[in-house]
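Observations on chain architecture
Here's the letter readout for the chains.
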Amino acid sequence: FDFGNGVVNMHFTHGGPNQQFYFDSETTMSGFSKIKVKSEGSEQCLDWSNPSNPSDGKLYLWSCHGGDNQLWRFTGGSGLGADGAASLKVKSNPNLCLDYKLDGSSELYLHPCHGGPNQLFYFG
(Lines give C-alpha, C1' and ligand atoms only; values in the text may rest on other atoms or scores of the structure.)
Protein backbone atom coordinates (compact mmCIF):
# COMPACT_ATOMS: atom_id res chain seq x y z
CA PHE A 1 0.00 0.00 0.00
CA ASP A 2 1.34 3.41 -1.01
CA PHE A 3 0.47 6.08 1.58
CA GLY A 4 0.80 8.79 -1.09
CA ASN A 5 -1.81 7.61 -3.59
CA GLY A 6 -3.68 4.75 -1.91
CA VAL A 7 -2.68 2.21 -4.59
CA VAL A 8 -2.27 -1.39 -3.40
CA ASN A 9 0.94 -3.09 -4.60
CA MET A 10 3.09 -6.11 -3.72
CA HIS A 11 6.34 -5.43 -1.88
CA PHE A 12 8.91 -7.43 0.04
CA THR A 13 7.82 -8.02 3.62
CA HIS A 14 9.14 -5.43 6.07
CA GLY A 15 6.35 -5.44 8.69
CA GLY A 16 5.48 -1.76 8.30
CA PRO A 17 2.01 -0.39 9.06
CA ASN A 18 1.20 -0.30 5.33
CA GLN A 19 1.48 -4.11 5.28
CA GLN A 20 -0.91 -4.79 8.16
CA PHE A 21 -4.13 -6.22 6.68
CA TYR A 22 -6.87 -8.07 8.54
CA PHE A 23 -10.46 -9.23 8.13
CA ASP A 24 -12.83 -7.37 10.37
CA SER A 25 -15.76 -9.06 12.12
CA GLU A 26 -18.40 -7.90 9.63
CA THR A 27 -19.41 -10.82 7.45
CA THR A 28 -22.44 -10.66 5.20
CA MET A 29 -24.95 -13.48 4.79
CA SER A 30 -23.22 -14.46 1.52
CA GLY A 31 -19.90 -15.04 3.31
CA PHE A 32 -18.17 -11.91 2.03
CA SER A 33 -16.13 -9.84 4.52
CA LYS A 34 -14.61 -6.40 4.58
CA ILE A 35 -10.83 -6.29 4.40
CA LYS A 36 -9.48 -3.34 6.30
CA VAL A 37 -5.98 -2.05 6.73
CA LYS A 38 -4.67 -0.37 9.86
CA SER A 39 -2.26 2.37 8.96
CA GLU A 40 -1.11 4.79 11.60
CA GLY A 41 -4.41 4.83 13.44
CA SER A 42 -6.72 5.07 10.45
CA GLU A 43 -8.70 2.26 8.87
CA GLN A 44 -9.47 1.97 5.19
CA CYS A 45 -10.92 -0.83 3.09
CA LEU A 46 -9.62 -2.63 0.05
CA ASP A 47 -11.66 -1.06 -2.75
CA TRP A 48 -12.13 -1.93 -6.42
CA SER A 49 -12.10 1.49 -8.00
CA ASN A 50 -14.35 0.92 -11.00
CA PRO A 51 -16.86 -1.94 -10.78
CA SER A 52 -18.83 -0.50 -13.71
CA ASN A 53 -15.81 -1.22 -15.96
CA PRO A 54 -14.52 -4.79 -15.39
CA SER A 55 -11.45 -4.13 -17.56
CA ASP A 56 -10.28 -1.57 -14.98
CA GLY A 57 -9.18 -3.82 -12.14
CA LYS A 58 -7.25 -1.24 -10.11
CA LEU A 59 -7.34 -1.59 -6.33
CA TYR A 60 -7.02 1.16 -3.75
CA LEU A 61 -7.45 1.67 -0.05
CA TRP A 62 -10.47 3.91 0.42
CA SER A 63 -12.77 5.08 3.17
CA CYS A 64 -14.96 2.17 4.22
CA HIS A 65 -18.53 2.38 2.95
CA GLY A 66 -19.50 -1.33 2.83
CA GLY A 67 -20.34 -1.39 -0.88
CA ASP A 68 -20.05 -4.61 -2.86
CA ASN A 69 -16.74 -3.34 -4.32
CA GLN A 70 -15.29 -3.51 -0.77
CA LEU A 71 -16.59 -6.97 0.18
CA TRP A 72 -14.24 -9.94 -0.32
CA ARG A 73 -13.99 -13.63 0.41
CA PHE A 74 -11.42 -16.40 0.13
CA THR A 75 -12.35 -19.36 -2.06
CA GLY A 76 -10.54 -22.67 -2.40
CA GLY A 77 -8.83 -22.38 1.00
CA SER A 78 -9.04 -20.66 4.36
CA GLY A 79 -6.66 -17.81 3.49
CA LEU A 80 -4.81 -18.47 6.75
CA GLY A 81 -1.16 -19.45 6.45
CA ALA A 82 0.65 -20.71 3.34
CA ASP A 83 -1.18 -24.06 3.48
CA GLY A 84 -4.51 -22.20 3.27
CA ALA A 85 -3.65 -19.99 0.28
CA ALA A 86 -6.79 -19.17 -1.68
CA SER A 87 -8.25 -16.89 -4.32
CA LEU A 88 -9.72 -13.61 -3.12
CA LYS A 89 -12.95 -12.61 -4.90
CA VAL A 90 -14.85 -9.32 -4.85
CA LYS A 91 -18.62 -9.43 -4.30
CA SER A 92 -19.46 -6.94 -7.06
CA ASN A 93 -18.05 -9.37 -9.66
CA PRO A 94 -17.20 -12.83 -8.23
CA ASN A 95 -15.74 -13.90 -11.60
CA LEU A 96 -12.76 -11.66 -10.86
CA CYS A 97 -9.94 -12.51 -8.44
CA LEU A 98 -7.13 -10.58 -6.84
CA ASP A 99 -4.12 -11.04 -9.11
CA TYR A 100 -0.42 -10.13 -9.00
CA LYS A 101 1.06 -9.05 -12.34
CA LEU A 102 4.01 -11.19 -13.37
CA ASP A 103 5.40 -8.51 -15.70
CA GLY A 104 7.94 -7.15 -13.21
CA SER A 105 5.61 -4.47 -11.86
CA SER A 106 4.29 -4.73 -8.33
CA GLU A 107 0.67 -4.11 -9.26
CA LEU A 108 -2.23 -5.94 -7.67
CA TYR A 109 -5.43 -5.85 -9.69
CA LEU A 110 -8.59 -7.82 -10.46
CA HIS A 111 -8.49 -10.33 -13.30
CA PRO A 112 -10.73 -13.21 -14.42
CA CYS A 113 -10.15 -16.12 -12.03
CA HIS A 114 -7.83 -18.85 -13.29
CA GLY A 115 -6.45 -20.36 -10.06
CA GLY A 116 -2.79 -19.73 -10.94
CA PRO A 117 -0.16 -19.13 -8.24
CA ASN A 118 -0.34 -15.36 -8.84
CA GLN A 119 -3.96 -15.50 -7.65
CA LEU A 120 -3.31 -17.33 -4.38
CA PHE A 121 -3.01 -15.26 -1.22
CA TYR A 122 -3.02 -15.83 2.52
CA PHE A 123 -2.76 -14.02 5.81
CA GLY A 124 0.03 -15.33 7.94
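Everything in this summary refers to the structure shown in the same document. Here the residue numbers are simple positions, counted from 1 along each chain's written sequence. The predicted nature of this model means local features are confined to residues of pLDDT at least 70 and side-chain atom pairs, given and counted, to a pLDDT of 80 or more, with totals for whole chains, interfaces and linings taken over all residues. As a rule here, side-chain values cover all heavy atoms of the structure and leave hydrogens and water aside.

**A word on the overall build of the protein**
- Broken down by element type, the protein carries 0 helices and 8 strands.
- Each helix (α) and strand (β) of the protein, taken in turn from the N terminus, gives the series β-β-β-β-β-β-β-β.
- Only protein chains enter the accessibility calculation, which uses a 1.4 Å probe; a residue whose area is less than 20% of its type maximum is buried, one above 50% is exposed, and one in between is partly exposed. With 124 residues in all, the protein has 35% of them scored as buried.
- For the area figures, the Shrake-Rupley method with a 1.4 Å probe applies, and any residue is considered shielded solely by the protein chains shown. By element, 52% of the accessible surface of the protein is carried by carbon and sulfur atoms, the whole surface being about 6,800 Å². Helix and strand labels come from DSSP, where a helix needs a run of H or I of at least four residues and a strand needs a run of E of at least two; each type is numbered from the N terminus.

**A short note on the pairing of strand 7 (residues 93–100)**
- Sheet topology places strand 6 (residues 87–90) next to strand 7; 2 bridges connect them, and they run antiparallel. Across the sheet, Val90 pairs through a bridge with Asn93, a residue of strand 7.
- In textbook terms, the turn of a hairpin is the stretch between consecutive antiparallel strands, and for strand 6 and strand 7 this stretch comprises 2 residues.
- When DSSP finds at least two bridges between two strands, those strands are taken to pair. Two elements, strand 7 and strand 8 (residues 108–112), share 5 bridges in a ladder whose sense is antiparallel. Counterpart to Asp99 in the pairing with strand 8 is Tyr109.

**Quick look at the nonpolar core**
- Core analysis: the biggest nonpolar cluster contains 15 residues, and Leu59, Trp72 and Leu110 have the highest contact counts within it.
- The set of elements that each furnish at least two residues to this core consists of strand 3 (42–48), strand 4 (59–62), strand 5 (71–75), strand 6, strand 7 and strand 8.
- Contacts of Leu110, omitting those with residues within four sequence positions, involve Trp48, Gly57, Leu59, Trp72, Val90, Leu96, Cys97 and Leu98. For our purposes a nonpolar core is just a set of buried Ala, Val, Leu, Ile, Met, Phe, Trp, Tyr and Cys residues, chained together by side-chain atoms within 4.5 Å. The criterion used for residue contact is that any of the two residues' heavy atoms lie within 4.5 Å.

**Remarks on the state of the cysteines**
- The disulfide criterion is simple: two cysteine sulfur atoms within 2.5 Å. Tallying each qualifying case throughout the model produces 2 disulfides.
- Here Cys45 pairs with Cys64 through a disulfide, and the sulfurs are 2.1 Å apart. In this structure, the disulfide formed by Cys45 and Cys64 twists by about 100° around the S-S bond and is classed as right-handed. Here Cys45, found in strand 3, pairs with Cys64, found in the loop between strand 4 and strand 5; they are 19 residues apart in sequence, far enough to count as distant.
- Assessed through its relative accessible area of 30%, Cys64 is described here as partly exposed.
- At a sulfur-sulfur separation of 2.0 Å, the disulfide partner of Cys97 is Cys113. Measuring handedness by torsion sign, the sulfur bridge of Cys97 and Cys113 sits at about 95° and is right-handed.

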